[in-house]
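Here is what each chain is made of, one letter per residue.
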Amino acid sequence: MNLQPASCTRTSTRTAGRTRVLVRCTILVAWALHFALGAAQAQTLVQDEVPGLRLPRNVVPLSYEAQLTIDPKAETFSGALAIKVRVDKPTDLVWLNAAKLTIEEARAVLPGPNAEGFAATVVPGNDSVIGLKFAQPLPAGEATLRIRYTGTFQSTSVNGAFKQKDRDDWYIFTHFEPLDARRAFPSFDEPALKASWKLTLRIPEGLRAFANMPVESERGSAPGWREISFLRSPPLPTYLIAFAVGSFDVRDGGTAGMNRTPISVITPKGRAAEAAYAAANTGAILAAAEKYFGRPYPFPKLDLIAFPQSTFFGAMENAGLITYGARGLLARPDEMSTTFEQWFIAVTAHEIAHMWFGDLVTMAWWDDLWLNESFASWLGDRITAELKPAWRWSARLADTRSWAIATDRLTSARQVRQPVTEVNEVRAAFDSITYSKGQSVLTMFEDWLGPENFRDGVRRYLAQHEWGNATADDFFVALGSADPALIPAFRGFVDRPGIPLLDVVLNCSAAPTIELSQQRLAPVGVAPMAAEPWVFPVCFEYGGAQKGIRQCALVRDAMQSIPLKVNACPQWVVANRDSVGYYLPRLSPALYAALPKAERALGTKGMASLIADTNTLARAGALGYVDALTFGARHAGANEPRIALAALAIAADLPAEFVAPVNAANFAAWVRKHYSARAKSVGWLPRKGEPTDMPELRNAALPFVADRGRDPKLVNEAQSLTARWRKRRNAMPPTVRRSVLTAAARTANHNAPMLFDALLAVARASSDRNEQEDVLMAL
Ligand SMILES: [Zn+2]
C-alpha cells in the first residue's frame, strides 16, 4: 500500500498562489488515507494477512525499554523488551518487524490491576514481520508489549548487531539503516514511528558499552557481569538507534557549542593515539553546524566510534553515536595525509548535519530519503569549505554534479523523490541521485533564494517539525515563504528525472543576445526525450581578455533569448561558470573556439568546472570525443592541480572499448605526449610542503599514465618501489601504497603471476587492515 498523497501535490503546483491550498490538500489527503488505511488494516487483521513493507497503523509505539545481554565472544544475544503502544482500534493481532529473532515469550500488559497481562502466541509472518496473537482483543488505549527473545550477531556483514575483531579482541556494533533494527529488536521499524528509547546493556566485566545517550547508572549484576543503563532518549526512529560493546579506549575531544556538548572518539583497545585528528577537529564542526541552524546540537553528547574493519558505507549518523569504518576516523602518524583530513572533515560534517536533518526532524518515509542525504551532503560541504578555506572545497561542485549526471542522463533514471513500496526500493534509494543530484539541486535553489533566505527557510522547517517527521512538501513550504515561485521550479527537479541540456549560442547580428534552448540530456543513440521545460536560474559570464561580466536570468521556456547588458559583442561567453546550477551548458562551436580568451578571467575554479563539463558532455555523447580530448590535452600540463585533474579525467574516463586494440599503441603514445610530463613532475612520492590537491593528482595521474600510457619510466619506478616495499615497508608511505601497487600490478606483464602470488602472500600475512585492503584492491 502506498501512502503517497501525490495526486494532490502534483496537480496543484502550477501557480504560486495555490501554495496554501496545496498544503491543506496534502494534510487532508494524508488524514483520509490514514483512516482509510486503518479500516483496510482492520479487514487485514480479520484475514490474518501479513503486512508488506509497512505495518498497520492501528497500533503505534510510544516508548521502548530494552535490556540486552551482549557478550562479544558469544554468537548470540538475548533481550527483554517492553514497548508501550497506543492501540487506536481494538485488535487481537499486533504486527511487528522482526528478522532472524526467536521470540521466547510475548505478552501484553494493560493499565490496571492485572500485572501479569495476557500471553500472545507468535504468528509467523515473513522474513521481516511477526504477529502477536492474543486470546482476546487489546482494547483501544495504552498497553505494554513485553517480549523476551534471542538473536544472532552477524559476523560476515554489517547489518543489525554484528561482531568484528581487532587484534585479539571481539567487538559488537550495530548498523540499522534502513531496515535492520528489526534484526536486533522486535520493533515498529519505520522512520515515522518515532519513540523514546531506554536502553540497558548487560555486558561482561572489564568491557565498555556505548549507546545513543550518556550512561545513567552502572552496577554489578551476576558474577562477572555489569549492567550499564543509559539515559532515556528523545523520540527517535529505530534506524538511528545504536550501541557498541568491547574493550574500547576513549580519546577526549573536549566540549563544543552552545551547550558545551562533550565529544569523545572511541577506538578499539590501544588505538586512542590514532584518534588525535578527529578529537581535535570535531568540536569546530559541531559549532559550525549550530551556527548555521541557529539552535544547539540536539543530543547531550557526541561520540565518534570506529569499526575495526571497512564497511560498505563511510559513516552513519546514529543519534549521538556516529559510526565509521576505522580508516575514516583513525590514522597513525605515518598514515596522516591531506586526503585523510579532507575525508574526515567532509564526512563528519555530513554526519553532524544529520543530527538536525534526519535525527531531530526525520523524513516521514523512505521516498524522502533525499531530504536527509542531499541536505547533509550540501551542508557538510559548506561547513568543510568554511572551516578549511585552503582546500578550496567548493571547486568540487562540478564533480558532485558530474556524478549525478552519470545516472541522471539515462533514459531509465529515477526521480529524486521516488515512490518506495518494496524492500529493494528502500535500499536502492541510497544512490547518486539521492545524494549528488539532491545536493546539486539544493545548491541551485540556495543561489536562487540567497543564502540568508534559504537558511531562514531551513530554520523554519526545523522549528516547525522538531522531534517529529516531515516531507518534501513541508520543506518546500518552509523555503517557499521567501519566494513561492521557487516551489514548482524545485519540484520540477525532484519529481522528474533528467537534467536540462542547455544550448548556448551568441548572436551579435543585432544587439548582442544569448539564444538558449533546453532539452532533456539523453544518452547517445536515444531520440530526444519529450520533457516539459524546466524552470531554473542561469548565470552567464562574458567579456574580453581581462575580466568578465556576470548576468543572470530565469530560464522558463524551451527556447529563450537573453539580451546582454553590453552594446559590443563579447569575445567569449560561458554558462554555469562555477557549477552552481543543475543543468549542463553546451556552447556553440564558435564559443568553444573562443574559450582560450576566457582563461584568465575564469580562474582555477571556473576553468576546472568548464573542463569537467566538457568531460560530462563527451561521456553523454553530447559533444564529440575528439573535441573533448583535444580540449583536455590543452590543459593537461596545467600548474593548478584542480585544472590538471579535470583535464586528466577526460582521458582517464574514456571508456577502454572506445580505443580499438589496433589503436592501443597510438592512444598510449598520445597519453604520454600530453600527460607524462605533468605526472612525472608530481612524482610517486610526496614532497614536503606540496599543494593541498597534489596527493589527489598523484593518485589519479601516475597509475593512469603508467598503465594506459605505458610510460616506461613510471612503470619501472612503480615496479621497483613495489619490490623495495616488499622487502622494507618504509620504502614508501601508506598514503601512496595503493596507487603504486595498483600501477605495478597492472603493468607487471610477464612478471604478473609472480607478483600476484607475492602480493597475495603479503595480504595474508599482514596484521595491518589498511595495508591488507590496499594490497587486495591493487590485485
Ligand atoms: Zn548521510
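Here, every reference points to the structure presented above.
In this text the structure is predicted, and so the values were computed from the model without any measurement. Each chain has its residues counted from 1, following the order in which its sequence is written. The predicted nature of this model means local features are confined to residues of pLDDT at least 70 and side-chain atom pairs, given and counted, to a pLDDT of 80 or more, with totals for whole chains, interfaces and linings taken over all residues. Heavy atoms from the whole structure form the basis of all side-chain values; hydrogens and water molecules are not counted.

J.: Break down the coordination of the zinc ion for me, citing the residues and quoting the values.
T.: The expected angle between donors at a tetrahedral four-coordinate metal is 109.5 degrees. At an octahedral six-coordinate metal it is 90 or 180 degrees. Note on donors: an N, O or S atom is included if it sits within 2.8 Å of the metal, or within 3.2 Å for Na, K and Ca, and water is never included, so sites can look incomplete. Each protein donor to the zinc ion is listed here as His350 (NE2), His354 (NE2) and Glu373 (OE); together their distances run 2.0 to 2.1 Å. On the basis of relative accessible area, His350 is assigned to the buried category, the value being 11%. Judged by relative accessible area, His354 falls into the buried class, the value being 0%. Only protein chains enter the area calculation, which uses a 1.4 Å probe; residues under 20% of their type maximum are buried, those over 50% are exposed, and those in between are partly exposed.

J.: An account of the nonpolar core is needed here, citing residue identities and associated values.
T.: Counting 217 residues, the largest nonpolar core has Phe185, Phe375, Phe475 and Phe490 as its most contacted members. Here Phe490 is in contact with Trp370, Val441, Leu442, Phe445, Phe475, Phe476 and Leu479, once residues within four sequence places are set aside. Grouped together as the second largest cluster of nonpolar side chains are 25 residues, Phe173, Ala244, Leu321 and Trp366 included. In plain words, nonpolar cores are sets of buried Ala, Val, Leu, Ile, Met, Phe, Trp, Tyr and Cys residues tied together by side-chain atoms within 4.5 Å. Two residues qualify as a contact provided that any one of their heavy atoms is within 4.5 Å of a heavy atom in the partner residue.

J.: Account for the state of the cysteines, with residues named and values stated.
T.: In plain terms, two cysteine sulfur atoms within 2.5 Å form what is called a disulfide here. Under the criterion given, the structure shown has 2 disulfides. The side chain of Cys508 participates in a disulfide bridge whose partner is Cys569; the two sulfur atoms lie 1.9 Å from each other. On the S-S bond that ties Cys508 to Cys569, the torsion sits near 85°, and the link is right-handed. Of this pair, Cys508 sits in the loop between β22 (500-507) and β23 (513-520) while Cys569 sits in the loop between β26 (559-563) and β27 (572-575), and the two are 61 residues apart along the sequence. Accessibility expressed as a relative area gives 30% for Cys508, which makes it partly exposed. With its sulfur 2.0 Å from that of its partner, Cys539 forms a disulfide with Cys552. Residues Cys539 and Cys552 are joined by a disulfide whose S-S torsion is about 105°; by sign, that bridge is right-handed. With Cys539 in strand β24 (residues 536-543) and Cys552 in strand β25 (residues 548-555), the pair connects residues that are 13 residues apart, well separated along the chain. With a relative accessible area of 16%, Cys539 lands in the buried category. Helical segments are the DSSP runs of H or I of at least four residues, strand segments are the runs of E of at least two, and each set is numbered from the N terminus.

J.: Pulling in residues and values, what's your account of the sheet that holds strand β17 (residues 302-307)?
T.: In this analysis, strands are considered paired if DSSP registers two or more bridges between them. Strand order in the open sheet formed by 5 strands is β15-β16-β17-β19-β18, with mixed pairing between adjacent strands. In this open sheet, the two strands that pair with only one neighbour each are β15 (249-256) and β18 (315-316). Of the pairings in the sheet, the one linking β18 to strand β19 (residues 321-325) comprises 2 bridges and is antiparallel in character. Paired with Ala315 across the bridge in β19 is Tyr324.

J.: Lay out the environment of Leu502 with the relevant residues and their values.
T.: Among the structural elements, Leu502 can be located in strand β22. The exposure class assigned to Leu502 is buried, which follows from its relative accessible area of 0%. For the pair Leu502 and Leu587, spaced 85 residues apart in sequence, the C-alpha separation works out to 8.4 Å. Those residues in contact with Leu502 that sit more than four places away from it in its chain are Leu516, Ser517, Gln518, Phe536, Val538, Tyr583, Leu584, Pro585 and Arg586.

J.: Report on the pattern of salt bridges, specifying residues and quantitative values.
T.: When a carboxyl oxygen of Asp or Glu is within 4 Å of a side-chain nitrogen of Lys or Arg, the pair counts as a salt bridge. Evaluated as defined, the whole model comprises 56 salt bridges. Of the charged contacts in the structure, one is a salt bridge between Asp456 and Arg455, with a shortest N-O distance of 3.1 Å. Residue class for Asp456 comes out partly exposed when judged on its relative accessible area of 28%. Across the pair Arg586 and Asp503 runs a salt bridge, and its minimum N-O distance is 2.7 Å. Of this pair, Arg586 sits in strand β28 (residues 584-587) while Asp503 sits in strand β22; the two residues are 83 residues apart in sequence, bridging distant segments of the chain.

J.: Break down unusual backbone geometry for me, citing the residues and quoting the values.
T.: The omega angle of the peptide bond from Glu177 to Pro178 is 0°, so this bond is cis rather than trans. Locating Pro178 in the fold gives a position in the loop between β9 (169-175) and β10 (196-204). A positive phi angle, close to 65°, is found at Trp467, a residue other than glycine. Within the element layout of this structure, Trp467 appears in the loop between α10 (451-465) and β21 (469-470). Backbone geometry at Asn749 places phi at a positive 50°, although glycine is not the residue there. Along the chain, Asn749 falls in the loop between α20 (734-746) and α21 (752-765).

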